[in-house]
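The residues making up each chain are set out below.
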Amino acid sequence: MIEQLKIDFDKINESLKLSSKSLELRKQNLNQFVENGFPNKRLEDWKFSDLNQIITSNIKNLSFYNNTTQTEIDESIFIKNFKHNKIVFINGEISGVDLSYEDEAKIILTKDLDHNQSLKEVNPLVSLNNALILTYIKMTIKESYSLNKPLIIYNVTTKDLKSTVLNFKIEIILEKNSSLKLVSLSSDSSEDNFINIVQNFNIEKDAVLKNYQIDNKQNSNIKYFYNNINLEKNSVSENFIFSMGSKFIKNEINCNLNEQYSSAFINGIIKLKDSQHHEIKTNINHFAENTKSHQLIKSVLNDKAKGIYQGKIYVDTKAQKTNGYQLSKALLLDDKTEFNGKPELEIYADDVKCSHGSTSGNLDEDSIFYLMSRGLSNQQSKELLINGFLLDAVEKITDLEIKNFIRDMMGITE
Amino acid sequence: MLEIKNLKAEINKKEILKGLNLEIKPGEVHAIMGPNGSGKSTLSNVLSGKKGYDVSGDVKYLNENLLDLEIEERAHKGIFLAFQYPLEIPGVNTNIFLKTSLNAIKKAKNEKQLDAIEFLKLVKQKALELKFDEKILSRQLNVGFSGGEKKKNEILQMSILNPKLSILDETDSGLDIDALKIVSEGVNALRSKESSFLIITHYQRLLDYIKPDFVHVLIDGQIVKSGGSELALELENKGYESLS
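Source: prediction; values computed, not measured.

Things to note about the overall build of chain B
A tally of regular secondary structure across chain B gives 8 helices and 10 strands. Relative to the globule expectation of 18 Å for 244 residues, the C-alpha radius of gyration of chain B, 18 Å, shows essentially globular dimensions. C-alpha extents for chain B along the principal axes are approximately 55 × 40 × 35 Å. A buried classification covers 43% of the 244 residues belonging to chain B. Taking as baseline every contact in chain B between residues at least 6 positions apart, the subset at least 24 positions apart corresponds to 72%.

The structure is reproduced here in structure tokens:
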């Protein structure tokens, strides 16, 4: 693997015209990955998801350089539920940007890799991403600008994808008092790839980011998302994760509440079947006074599926008056399903309000009887109860248009 | 309409119904009274198909063997159980549930399903008749409903689904006198030559409002005495002790 990695690393760098400084950084990152390799279950953060084992058993020959030319955009993947701006990634390359609803002077786009500010020594996967990314997009929303329409980032993979590993990175800067509604939508037709996506968000004073990540189409890919979120004074980060389609996902959110009155909301649904395996891992760092975080994760597991939620709330000594909350509820619908919940509270301040809760169980037989006695089939009754169970996480979505879109996607009608 | 012969039911190896016989003809209202633990709720559960019981005996419903039918098939063929303790179903909107239920039954009967507008018209009219606040219907099913609202909701469902055989399991329990009147009026409005009722109750009070054609006394899993509506009054005065 390492040999192929080094060959591909050189090929990638030959194809890019990078500054010597960037190149040096990439080499450092490559070495960091080479030293550690893919994370395995001996690492505390990976004990429920042995990525090394998952990659080894699903991907035969690892390769890292995708030298295919761009593919035509299949417009049928575009959603028609509401008007939106678009950025389309196909096999990790930017195939289209459409910001026609916006004042283009207010949005600065950069694709120059020399501008990539690599997140340092987070973990080997972020290092791998830093070392190998072919394309990168950085978007800066100027001060006090609120986008007129949501932005959808389409993450498309196709059968043309040559490499088995794909890295890409998105960076979004929200300047003071600006706002953005962002939807990331996966659409995969490549098979058995490892897709490593790093996203970095800087949310400045009074800015609001609503970030909805949707992975609903069934596919055999293995995905790792690393989301880093920095929050300044009085800014808001609202996140919703709909984790359903891929074979494996680990979605990691590292959220730094750096200044007073900033708040972070992480709500999500994990809905799995067959032998799917999804994890949501959060680190919420309260570094300043009067900061707030709220997390609600609902999981529904069928067949042999495995769901994991590791939620950590860290409260620094300075972060008095912190309000931190997390709740995880799981429905295990089959004897062979597995759910692992690991709540962690690490608190160094004394005047804080923090709580967590975790439940798991099956559907209530009496409720099924009640619904069936009204003429619903067993299947219909279960679906109604499952959707009802998931609904309160969906109800946390504050954007009505997107909430309805996700409700439609789940088959909940009104 | 319903003919029960030698019905036995046990749960966790404990026999609850010990050879029960009962016949209900179209248009009749039967009341079953009995002390705690006599098997009243087991009877209603067994008739509506709840799992977990070992059942034997013969139950003919509209010339079919009722015990062979699944829970939802019984509902499709016109059996309705008003629950003693209606369940709270979080995240399920009451209106959506009612429409899903009505259309599931209509579909099974090969009848035209109602669209949203037709349904709302029907539900508004029924809610008005039962003096049921329509706003409640946009809330989650039974979640946070008062005891009275839950019972009224059962009767509303009954009146929308228009069943042939309605089983009311202690519908009067937990109701104040005003709610009891409204619920009784709702039941009386559904009485017809084609529809029958089996009313299960502890107390005679409900039977002041819904006048039964027959009253049966259930003690220790068997019907020990049957009579007309006057039997309810007699029980009220003398208690069950006199019969056991």
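Considerations on the nonpolar core
Counting 170 residues, the largest nonpolar core has F89(A), I153(A), A264(A), A82(B), I167(B) and I199(B) as the members making the most contacts within it. Top contributing element to this core by residue count: helix 6 (residues 378-394) of chain A, with 7 residues.

Topic: the packing of helix 4 (residues 116-129) of chain B against helix 5 (residues 147-161) of chain B
Residues and elements named next belong to chain B. The geometry of helix 4 relative to helix 5 is characterised by a closest axis approach of 10 Å and an angle of 130° between their N-to-C directions. By the angle between their directions, the pair helix 4 and helix 5 is classed as oblique. Between helix 4 and helix 5 lies a crossing of right-handed hand. Contacts from L122, V123, K126 and A127 of helix 4 reach helix 5 at L156, S159 and I160. The residue inventory of the contact of helix 4 with helix 5, partitioned by class, reads 5 nonpolar, 1 polar and 1 charged.

What about the sheet that holds strand 6 (residues 165-174) of chain A?
Residue and element names in this part refer to chain A. Spatial ordering of the open sheet is given by 3-4-6-8-10-12-14-16-18, a layout of 9 strands whose pairing is mixed. The open sheet has two free edges, formed respectively by strand 3 (107-110) and strand 18 (338-347), since each of these has just one partner strand. Here the average twist between neighbouring strands, direction ignored, is 10°. The pairing of strand 8 (residues 194-203) with strand 10 (residues 222-231) spans 10 bridges and is classified as parallel. Across the sheet, residue Q199 finds its bridge partner in strand 10, namely N227. Against the sheet, helix 4 (residues 124-132) engages strand 6, strand 8 and strand 10, with an angle of about 90° to strand 8.

The rules behind each value
- Residues numbered from 1 in each chain as written.
- Chains lettered and ligands numbered in written order.
- Predicted model: local features only at pLDDT ≥ 70, side-chain atom pairs only at ≥ 80, totals over all residues.
- Helix = DSSP H or I, 4+ residues; strand = E, 2+ residues; numbered from the N terminus.
- Rg over C-alpha atoms; globule rule 2.2 N^0.38 Å.
- Buried ≥ 20, exposed ≤ 12 C-beta atoms within 10 Å, placed from the backbone.
- Contact = placed C-beta atoms within 7 Å.
- Core = buried A, V, L, I, M, F, W, Y, C linked by C-beta atoms within 7 Å.
- Axes fitted to C-alpha atoms, helices over the stretch in contact; angles between N-to-C directions.
- Parallel < 35°, antiparallel > 145°, perpendicular 65-115°, else oblique.
- Left-handed = near helix turned anticlockwise from the far one by under 90°.
- Nonpolar A, V, L, I, M, F, W, Y, C, P; charged D, E, K, R; others polar.
- Pairing = 2+ DSSP bridges.

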